Every structure is written in C-alpha cells, then in structure tokens.
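Residues per chain are reported as follows:
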Amino acid sequence: MTRSSVSARRSPRTPADHDASIQSEELHWHELPDAFLSEQGTVHLKAPLDADLSELQRQLRRGRYRHPFVFDDGETLRLHFNLRYVQSAMSIADPDALQLMYTQKMMAFLLLLPDPRHIVIVGLGGGSLTKFCYQQLPRARITTIEINQQIIGFGELFQVPPPNSRMRILHADAADYFADTRERVDVVLLDGCDRHGVVPALCEAGFYRHLRKRLRPGGVLAVNLIGHAHNAAQLQAMIAEEFGNPVMTLDVSDGGNRIVFAINEAQPSPDWPAIGRHAAELAQRHGLEFPAYARGLQRSYQRQAPKRP
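The structure presented is a predicted model; accordingly, all values stated were derived computationally and were not measured.

*Asks:* Mind laying out the overall build of the protein, listing which residues take part and the relevant values?
*Replies:* Per the secondary structure count, the protein includes 11 helices and 15 strands. The proportion of buried residues among the 309 residues of the protein is 52%. Once local pairs closer than 6 in sequence are excluded, the contacts in the protein between residues at least 24 apart make up 67%. Approximately 14400 Å² of the protein is accessible, and the part contributed by carbon and sulfur atoms is 49%.

*Asks:* Would you mind going over the pairing of strand 14 (residues 248-252) in detail, with residue names and values included?
*Replies:* Burial analysis of strand 14 places four of its five residues in the buried class, which makes it a mostly covered element. As paired strands, strand 14 and strand 15 (residues 257-263) are joined by five bridges and run antiparallel to one another. Looking at strand 15, one finds that L250 is bridged to I259. What sits between strand 14 and strand 15 in their antiparallel hairpin is a turn of four residues, with G256 showing a positive phi close to 75 degrees.

*Asks:* Can you explain helix 2 (residues 53-61)? Please cite residues and give values.
*Replies:* Those residues of helix 2 that sit buried are L56, Q57 and L60. Each buried residue of helix 2 sits inside an arc of 100 degrees when the element is viewed along its axis, so together they form one side. Here the buried face of helix 2 lies against strand 2 (27-33), strand 3 (42-48) and strand 4 (69-72). Positive backbone phi, at 75 degrees, marks G63, one or two positions downstream of helix 2.

*Asks:* An account of the packing of aromatic side chains is needed here, citing residue identities and associated values.
*Replies:* What the rule picks out here adds up to seven aromatic pairs. On the numbers, 5.8 Å between centres and 85 degrees between planes, the contact of F178 with F207 is edge-to-face. Within this pair, whereas F178 is found in helix 7 (residues 174-180), its partner F207 is found in helix 8 (residues 205-214), the two being separated by 29 residues in sequence. A single burial state applies to F178 and to F207, both of which are buried. Relative to Y208, the ring of F207 has its centre 5.0 Å away and its plane inclined at 85 degrees; by these criteria the two rings are edge-to-face. Accessibility expressed as a relative area gives 5% for F207, which makes it buried. Every member of this aromatic cluster is reached through a ring pair, and the members are Y177, F178, F207 and Y208.

*Asks:* Pulling in residues and values, what's your account of the pattern of salt bridges?
*Replies:* Applying the stated rule across the entire model yields 10 salt bridges. In this structure, R58 engages E55 in a salt bridge whose closest nitrogen and oxygen atoms are separated by 2.9 Å. A residue pair is termed a helical-turn pair when its members lie 3 or 4 positions apart in one helix, as R58 and E55 do in helix 2 at three residues. Residue R258 pairs with D251 through a salt bridge whose shortest N-O separation is 2.6 Å. The class for D251 is partly exposed, based on a relative accessible area of 43%. Connected through shared salt-bridge partners, D115, R117 and R139 make up one network.

*Asks:* So, the packing of helix 10 (residues 272-286) against helix 11 (residues 290-304): which residues are in play, and what are the values?
*Replies:* Running from amino to carboxyl end, helix 10 crosses helix 11 at an angle of 150 degrees, the nearest separation of the two axes being 7 Å. Classed by the angle they form, the pair helix 10 and helix 11 counts as roughly antiparallel. Between helix 10 and helix 11 lies a crossing whose hand is right-handed. Residues W272, I275, A279, A280, L282, A283 and H286 of helix 10 touch helix 11, and the partners they reach there are F290, P291, A294, L297, Q298 and Y301. Classifying every residue of the contact of helix 10 with helix 11 gives 11 nonpolar, two polar and no charged.

*Asks:* Hey, could you go over the sheet that holds strand 15 for me, with residue numbers and the actual values?
*Replies:* Within a sheet, each strand pairs with its neighbour through backbone hydrogen bonds, oriented either parallel or antiparallel. Taken in spatial order, the seven strands line up as 9-8-7-10-13-15-14 in an open sheet, and their pairing is mixed. Looking at the sheet topology across the chains shown, the edges are occupied by strand 9 (167-171) and strand 14. Direction aside, neighbouring strands of the sheet carry axes that sit 15 degrees apart on average. Across six bridges, strand 13 (residues 215-225) lies against strand 15 in antiparallel orientation.

Parameters and conventions
- Starting from 1, residues in each chain are numbered consecutively following that chain's sequence as written.
- Since the coordinates come from a predicted model, pLDDT governs what is reported: local features require at least 70, and pairs of side-chain atoms require 80 or more to be given and counted, while whole-chain, interface and lining totals use all residues.
- Only hydrogens and water are set aside when side-chain values are computed; all heavy atoms of the structure are taken into account.
- Runs of E in the DSSP output that reach at least two residues are strands. Runs of H or I that reach at least four are helices, and both are numbered from the N terminus.
- Using a 1.4 Å probe on the protein chains alone, a residue whose accessible area is under 20% of its type maximum counts as buried, one over 50% counts as exposed, and one in between counts as partly exposed.
- Here, residues are in contact when the closest pair of their heavy atoms is within 4.5 Å.
- Each accessible area is a Shrake-Rupley estimate made with a 1.4 Å probe; only the visible protein chains count as cover when residues are assessed.
- By definition, two strands form a pair when at least two bridges between them are found by DSSP.
- Here the arc refers to the directions that run from the helix axis out to each C-beta atom.
- Pairs were defined over the aromatic rings of Phe, Tyr and Trp, the Trp ring being its six-membered one, requiring ring centres within 6.5 Å. Orientation was assigned from the angle between planes: stacked under 30 degrees, edge-to-face over 60, tilted for the rest.
- Each salt bridge in this description consists of a side-chain nitrogen of Lys or Arg and a carboxyl oxygen of Asp or Glu lying within 4 Å of one another.
- Axis definition: a line fitted to C-alpha atoms, over the contacting stretch in the case of helices. Angles run 0 to 180 degrees between N-to-C directions.
- For classification purposes, angles smaller than 35 degrees are called roughly parallel, those larger than 145 roughly antiparallel, those between 65 and 115 roughly perpendicular, and all remaining angles oblique.
- Handedness of a helix crossing follows the sense of rotation of the near helix relative to the far helix, less than a right angle counterclockwise being left-handed and clockwise being right-handed.
- Here the nonpolar group is Ala, Val, Leu, Ile, Met, Phe, Trp, Tyr, Cys and Pro; Asp, Glu, Lys and Arg are the charged ones; every other residue, Gly included, is treated as polar.

Below you can see the structure in the form of structure tokens.
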C-alpha cells in the first residue's frame, strides 16, 4: 500500500475489518464511471446484484465506501481501500511488473537471501508481489495469505495465476497462520494493511515471535510500514527487539513507506562486498535497482549496528 494522489474528504475512522453483512450475500461485478471527478475512468467493485449504484457512487466520491474497489484509467488498474491510499497497482500492458516503488524495494530481500525455496506473502492486494515472485523465482514456492475474501475475488481482474503446486492463496488470518503452522519459511513479505496503515493484528509482539519461529536460520522478514510516523517507528523498534539484531530499512520517497528488513539468527555482519557484487547480477535478471538497494541497506545497517569498542 502507498499513498494515493487522488484527493477527497477524509472519512471518519471505522473498524478495520470489513462489513460482515456483505460477505453473506452473493456479489456481482459492477462498473461505475467517473467516480473520482478529477480522473476519467471506471470503478470496478463487487456488490449485491440489486445494489443502488447511484448510492455506491456517492459513497465513493465522499470517501465513505467501506469495501475494496478497483479504479481503471485504461492504462493502470489500482486497488483502493479508500481514496487516501493505493493498495496495489497493475499496468494493463505489463501485468506482471511491479508498478509501485515500495513493492520493488521489498524485493531487496534477494540481496540477503538469493535463493529462497518458500516465500510467504501476507496481503494479496492486487497480487503484485505474488505474481512477480512466482514469475521471477521459479525455484520458489509461494504462499499468499489474505484475510479478505473480496480481495481474493479481485484476483481475476489483476490476472493472478490460479493456484498450483508452486503457488497457493490462503483465505486466513496471518496471525493464526504463524501461530498454528509447522511449515518452515525462507522469506516473509509482510504487506498487511488496511485503510489506516499496518493492521493492528500485525503490530503485536506475539505475532513477530511466532513468525520468527517459522523462519529458517538466515531467513528474511521484509515489512512494508505505512501509516502514522510514530506508530511506524514503534513497530520498527519492536521488530528489532523481537529479532534481537539491527534491522535495515529502505525509505520510499514517493509513497511515504518504509521497508524494514530483519534477518533471523543473523551473522555478526552481512558480507557487503559480496552483496554489492551480486546486486548487478540481480538487476540484470529482474530489472530492478538492486545496486542502489544494496547501498541503502548497507548505510542503514551501519547506522544501527552497535559500535565496536
């Protein structure tokens, strides 16, 4: 999730979990034109067949619509939870590319663990990270956890591949998954956000304690932090405390995000010369700015690592 450039009156705070009543009804695709006034395009959303489309359009314009929706401007599909944030974006011409900078920077985990075999992604969104990891890392198994069934239902719009032996999507609560699973994981990409930022269930120390137990030694956690700066700083400090070693960060200037990386049972210091050499190869293979990511991670580590006497 990243901040949206679309402006609208802010809606009052509402509970983070979606309205249960809509889950009990059969939902159908609806299209609404010109919902944002300032942009030309179409909104795709799911609602009961007999829904009042004029009322839905009014709710969208006023920022009071409480369910996920997709804005289509003919070139890009954008998944929204509200008008303030873009949850995910997809180029219609290149549906597997990572459009948002924060998703590109989350892939910097490859500098720290180049050949993961099992990646767990928390938060499907428009499927950007799921599709990219599935296409670009053919040796890896991808498990995506999404709590909102409506988001999973949007997968067809965003061209998310159907589940298969390498890729599965679980309708589940990530906190329950890490508390209950016995699977071992190489990488966790945590992008679990609601309309206000990181969801509260993913801001608890116990969640990261369970998550760390499922990471293999040397496994990597990458967290997309967005929301109030004070809350993000507290969560970053909590992650560092639970992992017991310095975390590394990459800031995302165009969205207000910060990506936090933690290594399970890390060595005294990453091998930065080797990481720098590997960055160029990763950039050529995946088309992302890995040399810049490597420099940013090293600077961050050196700022936070304890000084030797």
